[in-house]
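Inside the fold
The primary structure of each chain is shown beneath.
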Amino acid sequence: MSLSGLMQSKQLLISGLLTHAATHHGDVELVSQLYGGEVRRSNWRTLAQRAQKLAHVLAGLGVKPGDRVATLAWNTDRHLELYYAVAGMGAVLHTVNPRLFPEQIAYIVDHAADGIVFFDLDFADLLVKLAPQLKTVKRFVALCRPEQLPALDLPHLSAYEALLDAADEDYVWPEFDENTASSMCYTSGTTGNPKGVLYSHRSTVLHSFAACAADGLGLCARDCVLLAVPMFHVNAWGVPYASAMCGAKMVLPGSALSGDKLFAALRDEGCTLSLGVPTVWLGLFQYLDQHPLERDLPKLRLNRVVVGGSAAPRAIIERFEKQLGVFVIQAWGMSETSPLATISNLLPKHEGQPLDERYAVQCRQGRAIYGVEVAVFDAEGRALPHDGQSVGEIRVRGPWVLSAYYGTEPGSALDAQGWLSTGDVAYIDPDGYVQITDRSKDVIKSGGEWISSIDLENVALGHPKVGEAAVIGVAHSKWQERPLLVIVPKPGAELTGAEMLDFMKDRVARWWLPDDVVFVDELPHTATGKLLKTALREQFRNLRLSTDPA
Ligand code: AMP
């Protein structure tokens, strides 16, 4: 018979993270860029006090455990207060991505049955238009001071700061089961309706440990984090929770994610770590290209940057290191994995390695962190070896990996062995580094062989005149599909298709070389900044490749 351990079974609750930060890191600053350009300096102690007031406000507005509360909001301390107050009282924070199409926003607010929407005033017009469709929403709260609140045609509208001013402080966070839902996020869904991912207190706290682990993101009390990933996208990669766990300073840039504003925040606040999707960093480097004096400023304390959401192009990894002395940590995951699943930290064998080889390691999506099992499977469901060659679909399982989408039966998203299919195609090398080669639907199938669109995009992005690049498969009468390269040149750059192919020809296998190159002013993106290849494929559906004999 097994013997029970005799340790305390304290539940892992999000309120515990905040209480810890307020008690042990109370003076650590939280700097926010608020609506209207105001910069507010708060700290973990004040945030905890205001979150307690907010919990009273929520209870007063009738929010009960399990109720869904929506936000359409930027990265600010007010949004952070909502993160803690809503979950802390046992309700569920639904962070709505404001970049979704309005019909999708209406769909997910209705699907989640959100009762209240807290919003930044930038989204007021959008909400006024949508309000008649939001049948479950009874109340709107604008994240502003009362004097900033305009007259808006929204029912039961209040100003956040007015509600907080009137509230009591002494809220006691309730204890409950750690498996209780804490927040939810809908996948941006390039096809079909978005699906809800429902995180729990337990999954969130365990995920925070992983973010703080040295071979995770290594987040710690000595860090000042610039959160350049939106708080409406997978809980800003869990960093708002992990920062409370370790007591890091946070810089919350509101909507200010342009290159100049990011650079100013990094410099002026002494940030040591930042996180964001590749597009954000391309913007930073574009700014630095235009302001060459800035980049040599010795003032930056930044030492590492986490890049995820899409493959980190080698050009970004190199530029961060060479120009700013910053180490790029690539991370891979998805809404369904909270999102951290693999992280590209180095092993002892990489120490002293030539830079070129080291960059190649950083270009991979990284190794599984404890807590997430990662494996690749072939089309018949057989596990593939970690030989750096066998390409298949990634499946994952672990305590912060989704088991079912919101509104479906627990476990219904998993196979018989408990694995979740990710739709990402990859191989794993003998050191355990995952290399994503594509989304399963984006792989280019040429004459029975697979061509990785991501690899080709990365090579194209290495050309100094290329701003953005996408590769899609286009129908070909002989090869079924062949790659088409679509390029947005950097502003003012003159570039030809022949120049591009010449640049790529020694960098990729001969038969991978795109058949044609087209230039466009912009590429379509999803609400989370990923290339929207379905739209691109549609755009070029009738294109006849110059190599097609038909
Ligand atoms: P989302 O659920 O919106 O976070 O999107 C998750 C998807 O983003 C993954 O399934 C991948 O296709 C893609 N993704 C995330 N991180 C990376 C990465 N480091 N490299 C390549 N693709 C990534």
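See the structure printed just above.
Here the structure is a predicted model, which means the values were calculated and not measured.

So, how was this worked out
Residues numbered from 1 in each chain as written. Predicted model: local features only at pLDDT ≥ 70, side-chain atom pairs only at ≥ 80, totals over all residues. Heavy atoms only, no water. Helix = DSSP H or I, 4+ residues; strand = E, 2+ residues; numbered from the N terminus. Rg over C-alpha atoms; globule rule 2.2 N^0.38 Å. Buried < 20%, exposed > 50% of the residue type's maximum accessible area, 1.4 Å probe, protein only. Contact = heavy atoms within 4.5 Å. Areas by Shrake-Rupley, 256 points an atom, 1.4 Å probe, with all protein chains shown as cover. Lys, Arg positive; Asp, Glu negative; His and termini not counted. Charge placed at Lys NZ, Arg CZ, Asp CG, Glu CD. Pairing = 2+ DSSP bridges. Near = heavy atom within 4 Å. Polar contact = N/O pair within 3.5 Å; in protein donor to acceptor, adjacent residues only side chain to side chain. Axes fitted to C-alpha atoms, helices over the stretch in contact; angles between N-to-C directions. 1 Å grid on protein atoms, 1.4 Å probe; cavity = no way out; pocket = protein on both sides within 12 Å on 5 of 7 lines; lining within 4 Å. Points joined across faces, edges and corners; volume = space filled by probe spheres on them. Expected span 1.5 Å × (residues − 1). Salt bridge = Lys/Arg side-chain N within 4 Å of Asp/Glu carboxyl O. Parallel < 35°, antiparallel > 145°, perpendicular 65-115°, else oblique. Left-handed = near helix turned anticlockwise from the far one by under 90°. Nonpolar A, V, L, I, M, F, W, Y, C, P; charged D, E, K, R; others polar.

It is worth spelling out the overall build of the protein chain at this point. Helices and strands together make up the secondary structure of the protein chain, namely 17 helices and 25 strands. In terms of C-alpha radius of gyration, the protein chain reaches 24 Å, essentially the compact-globule figure of 24 Å for 550 residues. Dimensions of the protein chain, computed from C-alpha atoms along their principal axes, come out at roughly 75 × 65 × 50 Å. Counting only residues that meet the buried cut, the protein chain has 56% of its 550 residues in that class. A sequence separation of at least 24 residues applies to 67% of the contacts in the protein chain between residues at least 6 apart. In the form shown here, the protein chain has an accessible surface area of approximately 23000 Å², with 52% of it arising from carbon and sulfur atoms. Averaging the locations of the 50 positively and 63 negatively charged side chains of the protein chain gives two centres separated by 1 Å.

Right, let's get into the pairing of strand β17 (residues 373–377). The element β17 is extensively covered by neighbouring structure, given that four of its five residues are classed as buried. When β17 meets strand β18 (residues 392–397), the two strands line up antiparallel, connected through five bridges. Residue pairing for β18: Phe377 is matched across the bridge by Glu393.

The immediate surroundings of the ligand are formed by 16 residues, with Gln330, Ala331, Ser335, Asp424 and Arg439 found nearest. In the environment of the ligand, a nitrogen atom lies 2.8 Å from a nitrogen or oxygen atom belonging to the backbone of Ala331. Between an oxygen atom of the ligand and a side-chain N or O atom of Ser335, the distance comes to 2.7 Å. About the coverage of the ligand: the protein hides 92% of its 500 Å² of free accessible area.

The next point concerns the sheet that holds strand β12 (residues 273–276). The strand order across the open sheet built from nine strands is β2-β1-β11-β10-β12-β13-β14-β15-β16, with neighbouring strands paired in mixed fashion. A strand with exactly one partner marks an edge of an open sheet, and here the two such strands are β2 (39–43) and β16 (367–368). Looking at chain direction, β12 and strand β13 (residues 304–307) are connected through four bridges and run parallel. What sits directly across from Leu273, in β13, is Arg304. Taken strand by strand, helix α9 (residues 239–246) contacts β10 (224–227), β11 (249–252) and β12, and its axis lies near 170° from that of β10.

The next subject is the layout of surface pockets. As a volume, the second largest pocket reaches approximately 1200 Å³. Lining of the second largest pocket is provided by 47 residues; of these, Arg314, Cys363, Asp455, Asn458 and Val459 occupy positions nearest its centre. Among the elements that line the lining of the second largest pocket, the one with the most residues is helix α13 (residues 314–324), at six residues.

It is worth spelling out helix α2 (residues 44–60) at this point. Helix length check: α2 (17 residues) gives 24 Å between terminal C-alpha atoms against 24 Å at 1.5 Å per residue, within 8%. For α2, every residue scored as buried is listed here: Trp44, Leu47, Ala48, Arg50, Ala51, Gln52, Lys53, Leu54, Ala55, Val57 and Leu58. At the N-terminal end of α2, a side-chain oxygen is found 3.1 Å from the backbone nitrogen of Arg45, two or three residues along, and the residue is Asn43. Two residues or fewer past α2, Gly62 is found with a positive phi of approximately 95°.

On inspection of all chains with the given rule, the structure shows 35 salt bridges. Through salt bridges with shared partners, one network takes in Arg40, Arg50, Asp77, Arg78, Glu81 and Glu161.

Contact pair helix α1 (residues 14–24) / α2: the axes reach a minimum separation of 7 Å and the direction vectors enclose 135°. By the angle class used here, α1 and α2 are oblique. Viewed along their axes, α1 and α2 form a crossing whose handedness is left-handed. In contact with Leu18, Ala21 and Ala22 of α1, α2 contributes Trp44, Arg45, Leu47, Ala48 and Ala51. Residues of the contact of α1 with α2, tallied by class, amount to seven nonpolar, no polar and one charged.

Of the two faces of strand β5 (residues 116–119), the one holding Ile116 and Phe118 and the one holding Val117 and Phe119 are both buried throughout. As paired elements, strand β3 (residues 68–72) and β5 share four bridges and run parallel to each other. Paired with Ala70 across the strands is Val117, a residue of β5. Of the strand pairs in this sheet, β5 and strand β6 (residues 139–142) are connected by four bridges, and their pairing is parallel. When the bridges of β6 are listed, Phe118 appears paired with Val141.

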